[in-house]
Amino acid sequence: MKEYRLTDWLPTTKKEVELRGWDELDVILFSGDAYVDHPSFGAAVIGRILEAEGLRVAIIPQPNWRDDLRDFKKLGRPRLFFGVSAGCMDSMVNKYTANKRLRSDDAYTPDARPDMRPEYPSIVYTQILKKLYPDVPVILGGIEASMRRLTHYDYWQDRVRPSILADSGADALTYGMGEKPIVELVRRLKRQQPILDIPQLAYLTKEVQPQEGDIILFSHEECLKDKKKQAANFRHIEEESNKYAASRILQTVGRQTVVVNPPYPPLTEAELDRSFDLPYTRLPHPKYKGKRIPAYDMIKFSVNIHRGCFGGCAFCTISAHQGKFIVSRSKESILKEVKAVMELPDFKGYLSDLGGPSANMYKMRGRDEAVCKKCKRPSCIHPKVCPNLNTDHSPLLDIYHAVDSLPGIKKSFIGSGVRYDLLLHQSKDPKANKSTQEYTRELIARHVSGRLKVAPEHTSERVLDIMRKPSFSQFGEFKKIFDRINREEGLRQQLIPYFISSHPGCKEEDMAELAVITKRLDFHLEQVQDFTPTPMTVATEAWYTGFHPYTLEPVFSAKTQREKLAQRQFFFWYKPEERRNIINELRRIGRKDLIDKLYGK
C-alpha cells in the first residue's frame, strides 16, 4: 500500500495551499461533489489536467452557500479564473426522484448526506462568485452546464429554461469532456489572448458576426411560445454534438445570443491515456476520514477502458456529453490503472467493472473514417448496425486476458451494460463474427458475478423504435444463448433485464403486453424505472413538446401521476397487492383478453 501525504491531493484549504509553499493560486475549482481524487470524478480530472500544465490549482468541494460564504472567500481570488461544476450528475436528477420527491441521500456526498449542495449549483455558486469577485472570469463545466447550454425543458420546474449562461452570469462554459477546451483556455488566458473562438466553448454575447455554415436556432422566446419550434431545435443540437466537422450554433435569448462553438475532434488514444495516467491518488481527500462516499465505493475497484457511446438511445445523455465516437485507452494505460487498483488497502482480487459507457464498444469505430466524417446519424446501430462499423471484439478479449493474467487478480467482472445487439450482429467479416462468439462465451462464463444486467427497456416495437433500441426479439435470441452457455458451463446465472415505463410513445396497453411477455419469459421484474425527462435528450423533448424532434410528428406521453402509476403497476403483476388494480385497469382500457394471460382463467 502506497503511503500518501496531504500534499498528494490538490489543496482544499488555506493551510493546504501554504503546505505547498504557494502564495497565489492560478485556478480555483468549485464542485457540488465531495473531492475524490479519481479519474471518474470530473473536478479531479480537470484539476490534474491544469496541474500538468504547471498551474497552481485548488478545489473547494461542496462549499456552504447558506452561511457568511466563507468557503467562497477562504482562498481569495485566482490569477486566471474560477471553474464551477455541479458535479458528476445534473443536480436535479441527483436531488429528486422521477416522481419529483426529494431524495433522502446523495451518493456523491460523505455519508450520503442529502443537504450538501443547492439546486442548480452551477447557477448558485457562479452568482455568489460574481458578487464577491466581479472582475474574475467564471467558467462552467460538467454535466449540468453541458446539458443546459441552450434552451431546455426542466422537468422539476416544469418550464422551459434559457441557456444556463443566461441564468448564472458565467463568462463561458465548456461542454462535453473538458480536457482539451480547458487546456486551450488557460494557454490563451496566460498569454492574454481572446478565448471566444475556442472549440467546445459556449458564451453569451450582445453582438455576434454570423459566419458561413452557422446554424441559427429558434430563439428562446419563440420556443416559449411554440413547442414545435423547441422540438425542431433539438435535432440540430444533437446532430452537431455528434459530428466530426460540426457547425457553430447560435440562439438568441432576450437581447443576447448564445454562441456554441463546434466540438473538438475526438481525443486520440494518447490524449485519453494522458488524462487517465495523471497522478491520481484514487482516494477521497483525507478530510473525509471515517466517512463513506457511496459513489466512490461503487467505482473504486473498477476501471474505465473507453469513452463515448454510439448507441444513441433517445433517453440517454452519454453521447450528448461524451460524443458517439469511441475513444479507447491503450492496453498499457489500462494495465497500469489495474495495478494501481490492486495497491488499494482493501482490494481482495476482484475488479467490479472493466467497462465503459457500453461495456463492449472498446476500439469499435468506422472502417472507413471518411464515411464517419460525413455522417449525421445519432446512432451507429439503430435502426440497424452501420455496415461501416467494425464490430470486432478481439481487442476487448485481449484486454480481458491481459488483466486476468495479472498475479493478484482473481476475477474481473463486467458491471457496465452490454449491448447484446452487437453480440447478435452478423458482419461481413468472418473474423469479427468469430471474435463476437468468443466474446459472448467468455463474458457469460468468466465475467458475470451471478447476474448479467442488460437493457431491452421495452417489449413494444413502436416504443423501442422511439427509444432507438433494437427489437425485443433480439433480447429473446440473446436469452437463449445466455441460457445455453450457462448449461454448457454448468452455471446458474441470472439475466436481469432493465425496463422503462412512461417513455414517450408508450401507452398503458404497451405496458400490459410487456407484463404478459415478461411473465411468459418467467421474469419477475425488479430493475425498472419511470422515465425521467432530463435536459437535452430526444425523449425529453418529445415528452415535453408532444412532437418527435426528427419527424415533428405527434408523440403521446404519460404525464399525470395517475397515468404514470397506471403504467408502472404492470411491472409488478406478480405481486398479490397489485392484482385487483391491474385487473380493473385492463377492463377499463378494453383489454380483458390480457387478464387470462396474466392470471389464468
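Right above here is the structure, for reference.
Procedures and definitions
Residues numbered from 1 in each chain as written. Predicted model: local features only at pLDDT ≥ 70, side-chain atom pairs only at ≥ 80, totals over all residues. Heavy atoms only, no water. Buried < 20%, exposed > 50% of the residue type's maximum accessible area, 1.4 Å probe, protein only. Helix = DSSP H or I, 4+ residues; strand = E, 2+ residues; numbered from the N terminus. Pairing = 2+ DSSP bridges. Salt bridge = Lys/Arg side-chain N within 4 Å of Asp/Glu carboxyl O. Expected span 1.5 Å × (residues − 1). Polar contact = N/O pair within 3.5 Å; in protein donor to acceptor, adjacent residues only side chain to side chain. Contact = heavy atoms within 4.5 Å. Axes fitted to C-alpha atoms, helices over the stretch in contact; angles between N-to-C directions. Phe/Tyr/Trp six-rings, centres within 6.5 Å; stacked < 30°, edge-to-face > 60°. Lys NZ or Arg CZ within 6 Å of the ring centre and 35° of its normal. Parallel < 35°, antiparallel > 145°, perpendicular 65-115°, else oblique. Nonpolar A, V, L, I, M, F, W, Y, C, P; charged D, E, K, R; others polar.

1. Looking at the pairing of strand E3 (residues 81-85)
Line of reasoning, step 1. By the criterion of burial, E3 is predominantly enclosed, with five of the five residues buried.
Line of reasoning, step 2. Neither face of E3 is left uncovered, since the one carrying Phe81, Gly83 and Ser85 and the one carrying Phe82 and Val84 both have all their residues buried.
Line of reasoning, step 3. Inspection of the sheet shows strand E1 (residues 27-31) paired to E3 by five bridges, in the parallel sense. Bridge pairing in E3 places Val27 opposite Phe81.
Line of reasoning, step 4. As defined by bridge partners, E3 adjoins strand E4 (residues 138-141) across four bridges and the pair is classed as parallel. Each bridged residue has a counterpart across the sheet, and for Gly83 the counterpart in E4 is Ile139.

2. Section: the pattern of salt bridges
Line of reasoning, step 1. Within this structure, the stated rule accounts for 52 salt bridges.
Line of reasoning, step 2. Between Asp67 and Arg70 there is a salt bridge whose closest N-O contact spans 3.9 Å.
Line of reasoning, step 3. When salt bridges that share partners are traced, they join Asp23, Glu24, Asp26, Arg56 and Arg79 into one network.

3. Digging into helix H10 (residues 227-241)
Line of reasoning, step 1. Compared with an ideal rise of 1.5 Å per residue, which puts 15 residues at 21 Å, H10 spans 22 Å between its outermost C-alpha atoms and is within 8% of the ideal.
Line of reasoning, step 2. Taken together, the buried positions of H10 are occupied by Gln230, Ala231, Ala232, Asn233, Phe234, Ile237, Glu238, Glu239, Glu240 and Ser241.
Line of reasoning, step 3. Measuring from the backbone nitrogen of Lys228 back to the side-chain oxygen at the start of H10 gives 2.9 Å, which picks out Asp226 as the cap.

4. Remarks on the side chain of Ser241
Line of reasoning, step 1. Of note, Ser241 is situated in helix H10.
Line of reasoning, step 2. A distance of 2.8 Å separates the side chain of Ser241 from the backbone oxygen of Ile237, its partner in a polar contact.
Line of reasoning, step 3. Here Ser241 is in contact with Arg149 and Ala320, once residues within four sequence places are set aside.

5. Remarks on the sheet that holds strand E20 (residues 528-530)
Line of reasoning, step 1. If you trace the three strands from one edge of the open sheet to the other, you get E18-E19-E20, paired in parallel fashion. Looking along the sheet, the strands with just one partner apiece sit at the ends: strand E18 (451-457) and E20. The average undirected angle you get between the axes of adjacent strands in this sheet is 20°.
Line of reasoning, step 2. Here strand E19 (residues 494-501) pairs with E20 via three bridges, running parallel. Paired with Ile500 across the two strands is Gln529, which belongs to E20.
Line of reasoning, step 3. Against the sheet, helix H20 (residues 472-489) engages E18 and E19, with an angle of about 165° to E19.

6. Side note on the environment of Pro470
Line of reasoning, step 1. Assignment of secondary structure puts Pro470 in the loop between helix H19 (461-467) and H20.
Line of reasoning, step 2. A relative accessible area of 11% means that Pro470 is categorised as buried.
Line of reasoning, step 3. When the C-alpha positions of Pro470 and Lys384 are compared, they lie 7.9 Å apart, and in sequence the two are 86 residues distant.
Line of reasoning, step 4. Other than its neighbours up to four places away in sequence, Pro470 contacts Arg419, Tyr420, Asp421 and Leu464.

7. Topic: helix H21 (residues 508-520)
Line of reasoning, step 1. In this model, H21 (13 residues) spans 19 Å end to end at C-alpha, consistent with the 18 Å of a helix rising 1.5 Å per residue.
Line of reasoning, step 2. Structurally, H21 contributes buried residues whose contacts are with H19, E19, helix H23 (561-568), helix H24 (576-588) and helix H25 (593-599).
Line of reasoning, step 3. Looking one or two residues beyond H21, the residue adopting positive phi is Asp522, at roughly 65°.

8. Thoughts on the packing of aromatic side chains
Line of reasoning, step 1. Scanning the model with the defined rule gives 23 aromatic pairs in all.
Line of reasoning, step 2. Relative to Phe347, the ring of Phe301 has its centre 5.5 Å away and its plane inclined at 65°; by these criteria the two rings are edge-to-face. One end of the pair, Phe301, is in the loop between helix H12 (294-299) and strand E12 (302-304); the other, Phe347, is in the loop between helix H14 (331-342) and strand E15 (350-351), with 46 residues separating them in the sequence.
Line of reasoning, step 3. Measuring from ring centre to ring centre gives 5.7 Å for Trp573 and Tyr574, while their planes differ by 90°; the resulting arrangement is edge-to-face.
Line of reasoning, step 4. Among the residues examined, Trp573 registers a relative accessible area of 10% and is labelled buried.
Line of reasoning, step 5. Under the relative-accessibility criterion, Tyr574 is labelled partly exposed at 24%.
Line of reasoning, step 6. An aromatic cluster is built from Tyr420, Phe472, Phe475, Phe478, Phe482, Phe499 and Phe523, whose rings are joined through pairwise contacts.
Line of reasoning, step 7. Here the basic side chain of Lys559 rests over the ring of Trp543, its NZ or CZ set 4.9 Å away from the ring centre.
Line of reasoning, step 8. The ring of Phe572 has Lys575 lying over it, and the distance from NZ or CZ to the ring centre is 4.5 Å.

9. Focus: the environment of Gly142
Line of reasoning, step 1. With respect to the helices and strands, the residue Gly142 is situated in the loop between E4 and helix H6 (143-147).
Line of reasoning, step 2. In this structure Gly142 touches Ser85, Thr174 and His321, once residues within four positions along its chain are discounted.

10. Side note on the sheet that holds strand E7 (residues 172-174)
Line of reasoning, step 1. Read from one edge of the open sheet, nine strands run E2-E1-E3-E4-E7-E8-E11-E10-E9, paired in mixed fashion. The outermost strands of the open sheet, each flanked by one partner alone, are strand E2 (57-61) and strand E9 (215-216).
Line of reasoning, step 2. On the sheet, helix H2 (residues 42-52) packs against E1, E2 and E3 and is oriented at approximately 170° with respect to E1.
Line of reasoning, step 3. Each of E9 and strand E10 (249-253) is contacted by H10, which is oriented at about 140° to E10, the strand it contacts most.

11. A look at the packing of H10 against helix H22 (residues 538-545)
Line of reasoning, step 1. In contact at an axis separation of 9 Å, H10 and H22 are set at 175° when each is read in the N-to-C sense. Considering the angle they form, H10 stands roughly antiparallel to H22. The residues of H22 that touch H10, namely those facing Lys227, Gln230, Ala231, Phe234 and Glu238, are Val538, Glu541, Tyr544 and Thr545.
Line of reasoning, step 2. By residue class, the composition of the contact of H10 with H22 is four nonpolar, two polar and three charged.

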